[in-house]
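Below, each chain spelled out in residue letters.
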Protein chains: 2
Amino acid sequence: MKLKKISATTEERIKEAAKKVFVQKGYSGARMQDIANEAKINKALLHYYFRSKDQLFELIFMENVQKMMPKINSIIDSDDKLFDKIENFVAEYLGMLSENPFLPLFVVNELSSHPERFFQKIAPLANGNLKVNKFIQQIQDEAARGKIIPISPVTLLMNTISLCVFPYLGKPMIQFVFGFDELQYRMILEQRKKEVASFIINSIKK
Amino acid sequence: MKLKKISATTEERIKEAAKKVFVQKGYSGARMQDIANEAKINKALLHYYFRSKDQLFELIFMENVQKMMPKINSIIDSDDKLFDKIENFVAEYLGMLSENPFLPLFVVNELSSHPERFFQKIAPLANGNLKVNKFIQQIQDEAARGKIIPISPVTLLMNTISLCVFPYLGKPMIQFVFGFDELQYRMILEQRKKEVASFIINSIKK
DNA sequence: GCACTCGTTAACCAAATGGTTAAACTATGA
DNA sequence: TCATAGTTTAACCATTTGGTTAACGAGTGC
């Protein structure tokens, strides 16, 4: 009861190790032994803290997804002007991604292989849902007022997310095509923080 | 020796089954038994035709990647004008994707988890490499002539690929965010064939 | 010092899984 | 019809893997 700090540290170490291994190898590719090794503990201790692989995975997954949702929501649901909002969204989103570069692949994979697990656990949380309504309304208004070209809000949002996320998903492919090494690619990603928003705004501006 | 047709059919059935299962569950998620079931054959027959899981996977993977490469190359390396080329590229690429909607996730996953397997086998093939040089030159020329805004060729190409591929990778996520069912999403993807090129051209046009 | 609790470990277990083997089946050509 | 070669299967094997157990250890309160 006293050395709570130590046990908390162990739990944290496990979580970090689990995130690293899951994200790198995917659910079925990840071995409990890998995670134990990574956390430098006995495998049985994993099950002591987190009963099963399933539960451990779900915890890691949910913790990370839930960390992202509110941030995105707060921007997309703000009262900023459209162009500002796009800039903020891109900046915030790319910032988050550069701190969690492997999260997209993790999420996309999990969502593809076990959609039900996600829908059942995340969907019920009201705050889990993205609040896109205001954003959609805003785009329609701007188009009606002739400030931007007519564009389906869905298209615009999909394009924005695509431009932000894909470079993280397709990193190895892009590196291969262009022959970038790690450092070069990191610079490309850094540069995109400036480019992406204006690319989008350019394409809808009248 | 005579009933080659039957054995070819079996082999084909296995390949199709393998592609389906691998693409759906990923390498480590896929079970040889799943593939056997899918192909309606005995598991031992899998090993009779394709010695091991590794070899079967690699074959499926390579066959599919190699099917895509030449198509993309022929467009990107053509002598069309830039805007035409962008339109052709997007049309061809999205067409191919709509015929192989799960391929992107498959490729991205394999490339992320076993990059070496890919680099060693694909990279040596000269035609495996995308021929981006002419395309890059073209963008630089158009920018110099003031026909388009100055944009890094890498950025433009990355953005183009992002806008094409991401909707397939992020399908479940996007479906979830917007609440699309299968049919609606298929329509969205269909619509993008018209939208994406003009979105890109808009964003670089002067 | 002693019992008690929590954290940790080595050893173990059962199920799953990739892969093998030997036998059976089928068509063919001599 | 019979030997042969290719195809298919059921049964089997070894290893991997998630998960359990029982015991040990260290700190705590009495």
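Residues numbered from 1 in each chain as written. Chains lettered and ligands numbered in written order. Predicted model: local features only at pLDDT ≥ 70, side-chain atom pairs only at ≥ 80, totals over all residues. Heavy atoms only, no water.

Caption draft 1: View of the relation of the copies chain B and chain A. Superposition of chain B onto chain A requires a rotation of 180° combined with a translation of 0.0 Å along the rotation axis, giving an RMSD of 0.1 Å. In short, the pair behaves as if placed about a two-fold rotation axis. If distances are taken from each C-alpha of chain B to the rotation axis, the shortest is found for B:Ser203, at 1.9 Å. When the interface residues of chain B are mapped onto chain A, 100% of them again lie at the interface, so the same face is used by both copies. (Least-squares fit on C-alpha atoms with pLDDT ≥ 70 in both. Contact = heavy atoms within 4.5 Å.)

Caption draft 2: Just the confidence of the model for chain A, in detail. In the predicted model, chain A carries a mean pLDDT of 86, and 90% of its residues have values of at least 70. pLDDT under 50 marks residues 1-7 of chain A. Its contacts with residues more than four places away, or in other chains, come to 1 contact. (pLDDT = per-residue confidence, 0-100.)

Caption draft 3: The interface of chain B and chain A, seen in detail. Taken together, the contact pairs 49 residues of chain B with 49 residues of chain A. For the chain B and chain A pair, buried surface summed over both sides reaches about 4,400 Å², with 76% attributable to carbon and sulfur atoms. Put simply, chain B and chain A have 0 salt bridges between them. If you look at where chain B meets chain A, you find 7 residue pairs in polar contact (both at pLDDT 80 or more). The set of elements that each furnish at least two residues to the side of chain B that touches chain A consists of α1 (4-29), α6 (103-113), α7 (115-122), α9 (153-169), α10 (171-178) and α11 (182-204) of chain B. Its residues assigned to classes, the side of chain B that touches chain A comprises 35 nonpolar, 12 polar and 2 charged. (Buried area = accessible area lost by both parts, 1.4 Å probe. Salt bridge = Lys/Arg side-chain N within 4 Å of Asp/Glu carboxyl O. Polar contact = N/O pair within 3.5 Å; in protein donor to acceptor, adjacent residues only side chain to side chain. Helix = DSSP H or I, 4+ residues; strand = E, 2+ residues; numbered from the N terminus. Nonpolar A, V, L, I, M, F, W, Y, C, P; charged D, E, K, R; others polar.)

Caption draft 4: Region of interest: helix α8 (residues 133-144) of chain B. Residues and elements named next belong to chain B. An ideal rise of 1.5 Å per residue puts 16 Å on 12 residues; α8 measures up with 17 Å between its terminal C-alpha atoms. When we look at burial in α8, the residues that qualify are Phe135, Ile136, Gln138, Ile139 and Glu142. Within α8, the buried residues cover an arc of 160° as seen down the axis, which keeps them to one side. Across α8 from its buried face, at more than 90 degrees, point the exposed residues Asn133 and Ala144. (Expected span 1.5 Å × (residues − 1). Buried < 20%, exposed > 50% of the residue type's maximum accessible area, 1.4 Å probe, protein only. Arc of directions from axis to C-beta.)

Caption draft 5: Geometry of the pattern of salt bridges. All names here are of chain A. Within this structure, the stated rule accounts for 14 salt bridges over all chains. With a closest N to O distance of 3.2 Å, Asp79 and Lys134 form a salt bridge. Taken as a pair, Asp79 in the loop between α4 (53-76) and α5 (82-99) and Lys134 in helix α8 (residues 133-144) lie far apart in primary sequence, 55 residues in all. Residue class for Asp79 comes out exposed when judged on its relative accessible area of 69%.

Caption draft 6: How the structure looks around the environment of B:Ala17. All names here are of chain B. With respect to the secondary-structure elements, Ala17 resides in helix α1. You can call Ala17 buried: its relative accessible area is 4%. C-alpha of Ala17 to C-alpha of Asn37: the two residues are 20 residues apart in sequence and 8.5 Å apart in space. Discounting residues that sit within four places of it in the chain, Ala17 has contacts with Ile35, Glu38 and Ala39.

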